[in-house]
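One-letter residues, chain by chain:
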Amino acid sequence: MKLELQKAKVKNIAWGDKTALLADGTLQINKEEFIAAAADSEHFKTLDADLARPGESVRVCPVKDVIEPRYKTEGSGQVFPGMLSDVETVGSGKTFVLEGAAVLTCGRIVGFQEGIIDMQGPGADYTPFSKTMNAVLVFEPVEGLEAHEYEKACRMAGFRAAFYIAEAAWKAGAHVDTTETYELPCFAEAMKAYPELPKVAYIYMLQTQGLLHDTYVYGVDAKKIIPSLIHPNETMDGAIVSGNCVSACDKNSTYVHLNNPVIRNLYDRHGKDINFVGVIITNENVTLADKKRSSSYAVKLATMLGVDGVIVSEEGFGNPDADLIMNCTKAEKAGIKTVLVTDEYAGRDGASQSLADSAPEATAVVTAGNANMMIVLPPMEKFIGFTDYVNIIAGGFDGSLRPDGSIEVELQAITGATCELGFNPISAKTW
């Protein structure tokens, strides 16, 4: 598979008569058409849209998902297969990307498991989406709508709106600034390539732990799959999307799946110091039997590929730590060197056990930060969304929202703050 990402840099965002990427890099959006693309009168009592730009005194909450606008211009299938488009295999051809733009979906779905995005101040330093030009959809459900139905309506509305922007901008003649090419041979050829280099695969854990803890692969809830091989390019066309209502800090939003930095870095090193042979997707389970099944199957696939090492990334915390450690121990016992990417819930003082499970085989672990660390978010001039859930949001507490509009919370409440794919501003030093 060979995929070309045709990237157009978005430098500003504004409402206007026609949706187009202007010559100065401004993404102009027709607000009425944008809302119409997301509209769903059966499920939404109200639907509005707003804009949030980097550096503005703006807070968006509660944020459910973040989506990068993309549109396939050439090749089989279309972005978000199994969601917006047919289930044809994607990951080849050409895909147009509005780099630096994002669609945020904002609504009280679960309430305590959505997140906060600040566009300035200390909170902005912890979310990657304070740097994107954001078009925000704000939903309120019709009376009596079940939470899972509301989540699906919001999810699909976000995909439709992001697709609308990208398609309209492309057809309006958007200029492509850069083109990135991603290509790997078939598995049989990959096994023979670069014989002098260690073969490395990526075990990509997807959050699937029950109702509203969902990730979708070609439209299928990943809790229903067994571990599978997937071409890394497929992720860049939206073959994997978020349906999660889990803690905001380490939820892998759809934007993050589209721009998975583990995959990008493995591509960067392919043919230099490693032979990147592919991606194994696996789920995170609730029962012990399912955890055993998926971890054994994922490691079996890695063994069949004959890899020397795997990178394993987690999504979520607590219960999924058991899946992470099972993947690690079984890979190490199979002779496969393993590196884990996770975050920590080490208490507000950082002194508690970081993971709910551990093993002596877990000797190489990359941390994305301590989600329990406290932060005070100053008041903002503008609030997009709803304030009434701030006190119960994961990472918050009764009294988190102060009378002056400031918020005291753990990093857990900030969207993407401790992303376990490394798609976050926190960095670590080597010593």
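Let me begin by describing the structure that accompanies this report. Note that this is a predicted model, so its numbers are computed, not measured.

1. Looking at the packing of helix α1 (residues 31–38) against helix α2 (residues 147–171)
Then, in step 1: Two elements in contact, α1 and α2, have axes separated by 7 Å at closest approach and are oriented at 140°. Our classification of the angle between α1 and α2 gives oblique. The two elements α1 and α2 meet at a crossing, and its hand is right-handed. Contacts from Glu 33, Phe 34, Ala 37 and Ala 38 of α1 reach α2 at Ala 157, Arg 160, Ala 161, Tyr 164 and Ile 165.
Then, in step 2: Taken together, the residues of the contact of α1 with α2 break down into seven nonpolar, no polar and two charged.

2. Side note on the state of the cysteines
Then, in step 1: Applying the stated criterion across every chain, the model contains zero disulfides.
Then, in step 2: The structure places no disulfide on Cys 61, whose sulfur is separated from the nearest cysteine sulfur, that of Cys 106, by 6.7 Å.

3. Topic: the packing of aromatic side chains
Then, in step 1: If you walk through the whole model with that rule in mind, you get 13 aromatic pairs.
Then, in step 2: Look at Tyr 202 and Tyr 204: their rings are 5.0 Å apart centre to centre, the planes differ by 20°, and that puts the pair in the stacked class.
Then, in step 3: Look at Tyr 204 and you get buried, because its relative accessible area is 0%.
Then, in step 4: Members of the aromatic cluster, joined through ring pairs, are Phe 44, Phe 139 and Tyr 150.
Then, in step 5: For Arg 108, the ring lying beneath its charged end belongs to Phe 386, and the centroid distance is 3.9 Å.
Then, in step 6: Stacked on the ring of Tyr 297, the Lys or Arg Lys 300 has its end atom at 3.6 Å from the ring centre.

4. Section: the side chain of Thr 105
Then, in step 1: With respect to the helices and strands, the residue Thr 105 is situated in strand β9 (residues 101–106).
Then, in step 2: A residue is classified by how much of its surface remains accessible, and Thr 105, at 2% relative accessible area, is buried.
Then, in step 3: In terms of polar contacts, Thr 105 uses its side chain to reach the backbone amide nitrogen of Asp 65, at 2.9 Å.
Then, in step 4: Excluding residues within four positions of it along the chain, Thr 105 makes contact with Pro 62, Val 63, Lys 64, Asp 65, Leu 137, Phe 139, Cys 154 and Gly 158.

5. Focus: the pairing of strand β22 (residues 374–377)
Then, in step 1: Taking every second residue as pointing to the same face, the buried face of β22 carries Ile 375 and Leu 377, while none of Met 374 and Val 376 on the other face is buried.
Then, in step 2: Across four bridges, β22 lies against strand β24 (residues 407–410) in antiparallel orientation. Considered in β24, the bridge of Ile 375 is made with Val 409.

6. A few points about the nonpolar core
Then, in step 1: Residues Leu 27, Phe 34, Leu 98 and Leu 137 are the most contacted members of the largest nonpolar core, which totals 49 residues.
Then, in step 2: Mapped onto this core, the elements with two or more residues apiece are β4 (26–29), α1, β5 (44–52), β8 (93–99), β9, β11 (133–141) and α2.
Then, in step 3: Non-local contacts of Phe 34, meaning those with residues more than four positions away in its chain, are made with Trp 15, Ile 29, Ala 49, Val 103, Ala 135, Leu 137, Ala 161, Tyr 164 and Ile 165.
Then, in step 4: In terms of nonpolar packing, the next biggest core, distinct from the first, is built from 46 residues, Phe 129, Tyr 202, Val 256 and Cys 419 among them.

What counts, and where the lines are drawn
- Just so you know, the residues in each chain are numbered from 1, in the order the chain's sequence is written.
- Where totals are concerned, whole chains, interfaces and linings use all residues; where local detail is concerned, this predicted model gives features only for residues with pLDDT of at least 70, and gives and counts side-chain atom pairs only at 80 or more.
- Excluding hydrogens and water, the side-chain values take into account all heavy atoms of the structure.
- Axes here refer to lines fitted to C-alpha atoms; in helices the fit is confined to the stretch in contact. Angles between the N-to-C directions go from 0 to 180 degrees.
- Put simply, DSSP H or I for four residues or longer makes a helix, DSSP E for two residues or longer makes a strand, and each gets a number counted from the N terminus.
- By definition in this entry, angles of less than 35 degrees are roughly parallel, angles greater than 145 are roughly antiparallel, angles of 65 to 115 are roughly perpendicular, and the rest are oblique.
- Put simply, a crossing is left-handed when the front helix is turned counterclockwise from the back one by less than a right angle, and right-handed when it is turned clockwise.
- Contact between two residues is taken to exist if any of their heavy atoms lie within 4.5 Å; hydrogens are not considered.
- We call Asp, Glu, Lys and Arg charged. Ala, Val, Leu, Ile, Met, Phe, Trp, Tyr, Cys and Pro are nonpolar, and the rest, Gly among them, are polar.
- Note on disulfides: each one is a pair of cysteine sulfur atoms within 2.5 Å.
- In summary, the pairing rule links any two rings of Phe, Tyr or Trp, Trp by its six-membered ring, whose centres are within 6.5 Å, and it sorts them by plane angle into stacked for under 30 degrees, edge-to-face for over 60 and tilted for everything else.
- The buried label applies to any residue whose accessible area, calculated with a 1.4 Å probe on protein chains only, is under 20% of its type's maximum; exposed applies above 50%, and partly exposed to all values in between.
- Both a distance and an angle decide whether a charge sits over a ring: NZ of Lys or CZ of Arg must be within 6 Å of the ring centre and within 35 degrees of the ring normal.
- Under this definition, polar contacts are N or O atom pairs within 3.5 Å; protein pairs additionally need one hydrogen-donor-capable and one acceptor-capable atom, and for neighbouring residues in sequence, both atoms have to be side-chain atoms.
- By this definition, two strands are paired if DSSP reports at least two bridges between them.
- Throughout, nonpolar core names a set of buried Ala, Val, Leu, Ile, Met, Phe, Trp, Tyr and Cys residues whose side chains join them through atoms within 4.5 Å.

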